[in-house]
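Structural characterization, general
If you want the building blocks of each chain, they are given just below.
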Amino acid sequence: MNCHLLKLDACTIRFGGLTAVSNLDFQIKANELVGLIGPNGAGKTTVFNLITGVYQPTEGRIEFDGHSISRLEPYQITSHGIARTFQNIRLFPSLSVFDNVRVAFHLHLLSGVSHAWWRGKAFAQEEKEVSDQVMELLRIFQLENHRDLFAKNLPYGDQRRLEIVRALATRPRMLLLDEPAAGMNATEKLQLMNLIQFVKDKFQISVLLVEHDMQVVMGICQRIAVLDYGIKIAEGSPDQIRSDPKVIEAYLGE
Amino acid sequence: MQHRPKTFLIGALACALGTSFLAPYLNPYYLDVILTVGINIVLAVSLNLVNGYTGQFSLGHAGFMAIGAYASAAFTLFAAPAIFPNANGWVTQAVFFLALLLGGGIAAAAGIVVGAPSLRLKGDYLAIVTLGFGEIIRVLLRNVDSLGGALGLNGIPFYTNLFWVAVWAILTIYVVLALVHSTFGRGFLAVRDDEVAAEAMGINTTRYKIIAFVVSAFFAGIAGGLYGHLKSSIDPKGFDFMRSIEIVVMVILGGMANTRGVILAAILLTLLPEVLRPVAEYRMVIYSLLLIILMLTRPQGLFSFRSNRPSVRTP
Amino acid sequence: MIEFLQQIINGVGLGAIYALIALGYTMVYGVLRFINFAHSDVFMVGAFSGYLFSRFFQIESIFGGVMVMILSMGLCALLGMTIERLAYRPLRNSSKLNVLITAIGVSLFLEYSFQIKLTKPLLFPALFPVKSFLLPGGIILSSTQILVIGMTLFLIVLLQYIVLYTKIGTAMRAVSFNPTAASLVGINNDVVISFTFGLGSALAAAGGILYALNYPSIEPLMGVLPGLKAFVAAVVGGIGNIPGAALGGLLLGVIETFVNGSPYSTYTDAIAFILLIFILIFRPAGLLGKVTVEKV
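The model shown is predicted, which means the values in this text are computed figures rather than measured ones. (Residues numbered from 1 in each chain as written. Chains lettered and ligands numbered in written order. Predicted model: local features only at pLDDT ≥ 70, side-chain atom pairs only at ≥ 80, totals over all residues. Heavy atoms only, no water.)

1. Structural notes on the overall build of chain A
- Looking only at helices and strands, one finds 10 helices and 10 strands in chain A.
- Taking 254 residues into account, the globule formula puts the C-alpha radius of gyration at 18 Å, and chain A, at 19 Å, falls close to it.
- Reported as C-alpha extents along the three principal axes, the dimensions of chain A are approximately 65 × 40 × 35 Å.
- In chain A, buried positions account for 56% of the 254 residues.
- Relative to all contacts within chain A whose residues are 6 or more apart in sequence, the contacts with residues 24 or more apart total 67%.
- Computed over 27 positive and 29 negative side-chain charges, the inter-centroid distance for chain A is 5 Å. (Helix = DSSP H or I, 4+ residues; strand = E, 2+ residues; numbered from the N terminus. Rg over C-alpha atoms; globule rule 2.2 N^0.38 Å. Buried < 20%, exposed > 50% of the residue type's maximum accessible area, 1.4 Å probe, protein only. Contact = heavy atoms within 4.5 Å. Lys, Arg positive; Asp, Glu negative; His and termini not counted. Charge placed at Lys NZ, Arg CZ, Asp CG, Glu CD.)

2. A word on the overall build of chain C
- Helix and strand content of chain C: 11 helices and 4 strands.
- Taking 19 Å as the expected radius of gyration for a compact globule of 296 residues, we find that chain C reaches 19 Å, a close match to that expectation.
- C-alpha atoms of chain C, sized along the principal axes, occupy 60 × 45 × 40 Å.
- Across the 296 residues that make up chain C, the buried fraction comes to 55%.
- A separation of at least 24 residues holds for 75% of the contacts in chain C among residues at least 6 apart in sequence.

3. Remarks on the pairing of strand 8 (residues 206-210) of chain A
All names here are of chain A.
- Across the 5 residues of strand 8, 5 count as buried, placing the element largely inside the fold.
- Side chains Ser206, Leu208 and Val210 project from strand 8 onto one buried face, and the interleaved Val207 and Leu209 project onto a second face that is buried too.
- Relative to strand 8, strand 7 (residues 174-178) is paired through 5 bridges, and the arrangement is parallel. Counted as the bridge partner of aspartate 178 is valine 210 from strand 8. (Pairing = 2+ DSSP bridges.)

4. A closer look at the pattern of salt bridges
All names here are of chain A.
- Under the counting rule described, the total for this entry stands at 32 salt bridges over all chains.
- Across the pair arginine 147 and aspartate 148 runs a salt bridge whose closest N-O atoms are separated by 3.6 Å.
- Of the residues examined, arginine 147 reaches a relative accessible area of 21% and is grouped as partly exposed.
- With relative accessibility at 18%, the residue aspartate 148 sits in the buried group.
- Among the ionic pairs, glutamate 163 bridges to arginine 160, the shortest N-O distance being 4.0 Å. Pair noted here: glutamate 163 and arginine 160 are both in helix 6 (residues 156-169), with a separation of 3 residues, about one helical turn. There is no split in this pair, since glutamate 163 and arginine 160 are both buried.
- Residues joined by salt bridges that share partners form a network here, namely Glu32, Arg223, Lys232 and Glu235. (Salt bridge = Lys/Arg side-chain N within 4 Å of Asp/Glu carboxyl O.)

5. Focus on the sheet that holds strand 3 (residues 33-37) of chain A
Residues and elements named next belong to chain A.
- Within the open sheet, the 6 strands sit side by side as 6-7-8-3-9-10. Their pairing is mixed. Among the strands making up the open sheet, the edge pair consists of strand 6 (82-84) and strand 10 (231-236). The sheet shows a mean angle of 20° between the axes of neighbouring strands, direction not considered.
- Where strand 3 and strand 9 (residues 223-228) come together, 4 bridges link them in parallel fashion. Paired with valine 34 across the strands is arginine 223, a residue of strand 9.
- Running over the sheet, helix 6 touches strand 6 and strand 7 and is turned about 155° from strand 7. (Axes fitted to C-alpha atoms, helices over the stretch in contact; angles between N-to-C directions.)

6. As for helix 7 (residues 186-203) of chain A
Residue and element names in this part refer to chain A.
- With 18 residues, helix 7 extends 26 Å from end C-alpha to end C-alpha; this agrees with the ideal 26 Å at 1.5 Å per step.
- Between the side-chain oxygen of the N-cap and the backbone nitrogen of threonine 187 there are 3.2 Å, and the N-cap of helix 7 in question is asparagine 185.
- Immediately downstream of helix 7, the backbone of glutamine 204 shows phi near 55°, a positive value. (Expected span 1.5 Å × (residues − 1). Polar contact = N/O pair within 3.5 Å; in protein donor to acceptor, adjacent residues only side chain to side chain.)

7. Section: the sheet that holds strand 5 (residues 67-68) of chain A
Residues and elements named next belong to chain A.
- Taken together, 4 strands build an open sheet; the order of strands is 2-1-4-5 and the sheet is antiparallel. Every interior strand has two partners, whereas the edge strands, strand 2 (18-29) and strand 5, have only one.
- Bridge count for strand 4 (residues 59-64) against strand 5 is 2 bridges, and the pairing is antiparallel. Across the sheet, phenylalanine 64 pairs through a bridge with histidine 67, a residue of strand 5.

8. Some words on the interface of chain A and chain B
- The partner chain B presents 38 residues to the 40 residues of chain A that form the contact.
- Looking only at chain A, the three residues that lose the most surface to chain B are A:Tyr75, A:Trp117 and A:Arg119, adding up to 21% of its buried area.
- The interface formed by chain A and chain B holds 2 salt bridges in total.
- In this structure, A:Asp99 engages B:Arg186 in a salt bridge whose closest nitrogen and oxygen atoms are separated by 2.4 Å.
- Elements with a minimum of two residues in the side of chain A that touches chain B: helix 2 (74-80), helix 3 (97-104), helix 4 (113-118), helix 5 (121-140) and helix 6 of chain A.
- A total of 5 residues in the side of chain A that touches chain B trace back to one element, the largest contributor, which is helix 3 of chain A.
- Taken together, the residues of the side of chain A that touches chain B sort by class into 21 nonpolar, 9 polar and 10 charged. (Buried area = accessible area lost by both parts, 1.4 Å probe. Nonpolar A, V, L, I, M, F, W, Y, C, P; charged D, E, K, R; others polar.)

9. Points about a nonpolar patch on the surface
Residue and element names in this part refer to chain B.
- A cluster of nonpolar side chains, contributed by Ile83, Phe84, Val91, Phe97, Leu98 and Leu101, occupies part of the molecular surface with about 460 Å² of accessible area.
- Considering every element that reaches the nonpolar patch, the biggest residue donor is helix 4 (residues 90-118), with 4 residues.
- Note that phenylalanine 97 resides in helix 4.
- By relative accessible area, phenylalanine 97 is classed as partly exposed at 32%. (Patch = residues over 30% accessible without salt bridge, like charges linked within 9 Å, V, L, I, M, F, W, Y side chains within 5 Å. Areas by Shrake-Rupley, 256 points an atom, 1.4 Å probe, with all protein chains shown as cover.)

10. Thoughts on the packing of aromatic side chains
Residue and element names in this part refer to chain B.
- One pass over the structure, following the stated rule, counts 29 aromatic pairs over all chains.
- Summarising the aromatic geometry, the rings of phenylalanine 96 and tryptophan 164 are spaced 6.1 Å apart at their centres and angled 80° between planes, so their arrangement reads as edge-to-face. Placement of phenylalanine 96 in helix 4 and of tryptophan 164 in helix 6 (residues 162-180) is noted, with a sequence separation of 68 residues between them.
- Owing to a relative accessible area of 0%, phenylalanine 96 belongs among the buried residues under this scheme.
- Under the relative-accessibility criterion, tryptophan 164 is labelled buried at 10%.
- Centre to centre, the rings of phenylalanine 184 and tyrosine 208 are 5.0 Å apart; their planes meet at 25°, and the pair counts as stacked. Note that phenylalanine 184 is positioned in the loop between helix 6 and helix 7 (186-193) and tyrosine 208 in helix 9 (residues 205-231), a separation of 24 residues in sequence. (Phe/Tyr/Trp six-rings, centres within 6.5 Å; stacked < 30°, edge-to-face > 60°.)

11. Notes on the pairing of strand 2 of chain A
All names here are of chain A.
- In terms of strand pairing, strand 1 (residues 4-15) meets strand 2 through 8 bridges, oriented antiparallel. Bridging from a neighbouring strand, lysine 7 pairs with glutamine 27 of strand 2.
- Following strand 1, the chain reverses through 2 residues before pairing antiparallel with strand 2; glycine 16 in that reversal takes a positive phi of roughly 60°.

12. Thoughts on the environment of C:Ala103
- For C:Ala103, the location among the structural elements is in helix 4 (residues 96-117).
- Every residue in contact with C:Ala103, bar those within four places of it in the chain, is listed here: C:Phe34, C:Ile35, C:Asn36, C:Phe37, C:Ala38 and C:Tyr88.

13. What about the environment of C:Ser54?
Residue and element names in this part refer to chain C.
- Here serine 54 lies in the loop between helix 2 (39-53) and helix 3 (62-88).
- Between the alpha carbons of serine 54 and isoleucine 156 there is a distance of 25 Å; along the sequence they are 102 residues apart.
- Among all residues touching serine 54, those that are not within four sequence positions of it are Ile59, Val68, Pro125 and Leu127.

What follows is the structure, given as structure tokens:
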């Protein structure tokens, strides 16, 4: 039982009369790379928002590492170890690249307001540690030369990368990526696939990938779930999904 | 400031003590202007924490200032003579210090009361609610007879001097900068830039906003106490929303989230009406025209020069 | 009971004026999404221009009164459009805060320039014939109240007609919905925004004159408090929503009148803001507004 890191148990969410996601069961194991796909309007982003606490399920429950997280605020869910990126990049545009990552370390700070004012040894020590760790992360993702740039002045691909770095800085056990390949060309997609694989292996975390792009999803996911009209119509390995008649029907119509 | 903050603080406080010995040699008019400048620095720098760094638009700073002014004046007028009869010398200074802390403390408490319900609101709505809050404070003060009603409080002792104003101005600057220049404090800027993303990074945005509101209200209260003990009389009219707007204008002209600029703007905007004294009739017209022209020509503020670099450098 | 009805009538009279001013706030907010702080001063200029024009017509006559109103409304419409052209249009693409500060600057400019020459309040003349009617039960209804309520009703219906059934009104709604898309389908946003300011300012002028008929002492700062309260009325009704502004105005007017007649009359000026805080906590979109949720 406990091998599941994230567990969605019969989750349903309704907006007025519309059932966006219906009776969804879905699990992710530790250190697993799972894809969630589906045609437009299938409810992928809604699932994403359910897990991250932007919406609360009307029925059912969501567990992360044995704790129920279905009624928590987004920031509390992040503190349990789920980090995310956004479909349309949401960096802190007027903060430097360095500070974008630094902010995300805040969950693991021991010092707060009073330490910032007193500025004792412990505070200096911790600030230095944070700064070192930020630089290390930036180095791993080849962003260290941009550390003093405004995030908004970064090229598009770097912004995507920075968003992932920022999410990793919260030290998650699971990373949720919301359409990371949107707006990328073939080369960039290839780089992205390598990057996701690298992140998963290097940081030993689970990754949930919500994505439109078949090439990316089929290329790296160990397991794929398919949503259509808020219902899970298939789940399995990329090969199983590729040949599943229900999936083909959902995507191509009859 | 960034590198050796505590050394800076102690040095600055020593300077404050030093310069306060110069006060008796100053022309009283100049001294009054200098003290007003200092009080406005406290107000503008503290408001900048909310409006500039945290990106919330408060138009109610004068309300917190009024609370501080009334609380501290009431303390020195009514409570202090009973607790410390025949106070003089150091004791009066201590009484004044206590009065200021009391004013700041009550204003900070009011900051929580206002902050908690209204922080779900954004932008214009928050502005108008904080403005409304300031007006409610004024109406309440007008109705409390023991605080002088519409006439206000008179005969407040002249305790405010160069030393206290300098100390509090330095403390305000230190507290705001030290807060913002920390990993914890980057959270304020994150809230300003994108609340949704900040939440996703585990930042409790409500908590940050309330901290900003409370710290800023505390110093507004202190400034109110200094103001009351400088002018010797206060009334509800002196804390109307024009007063709040004056402070907001200092923050915006200084270039939001730019403490140095805000200090300069506070100095400039306090001196401007004094300089325009010869054309007294037209000075407010000139002031408002300048405001419009500045907004049209330099919307980023008077004192923001760097454009391609983050406004606060990384350590 | 009688007193209750009397208070309702008085409240509706006051509320009608708030409604007129609130309409201007709500329309400008609808198309530009900002609080036009100078609106309350256009209201003040409306009262003063009414004072000025009243010298050229016979007062206490229907014809003279109507002419004064039309001329003042025209003058203020021009003023509103000029303010928009000179002060707001250049800032169309900069941050909202800057526009707000500019609006405050314009507001201060109008107030202080009037204060240079006008140090004492002026007595506003009775433009229309004044009469009081005694209704059965002892309720007093003054001709001014009838005028205020009737005029407000007429203007709101006219406005609603313009917004819903004319070409320019459709354009206004389009710009309010999505300015970029509006300009893509060939709407000239500048014209629409200018028209909105003109219309809103004309209503403010009407409000100013009607207010001055009720409270005949006029001075340069007369707009500040009614302006703020009218803005609150617009938010209470759901900002950007025309019937909402009218409803908010009436509600505020009636509540204020009742408080004013109670032992707590000294708290009257706080009512608007207390109402505002309650509405924003429990129904943030206002009484008739639609709730919008930010997309993630």
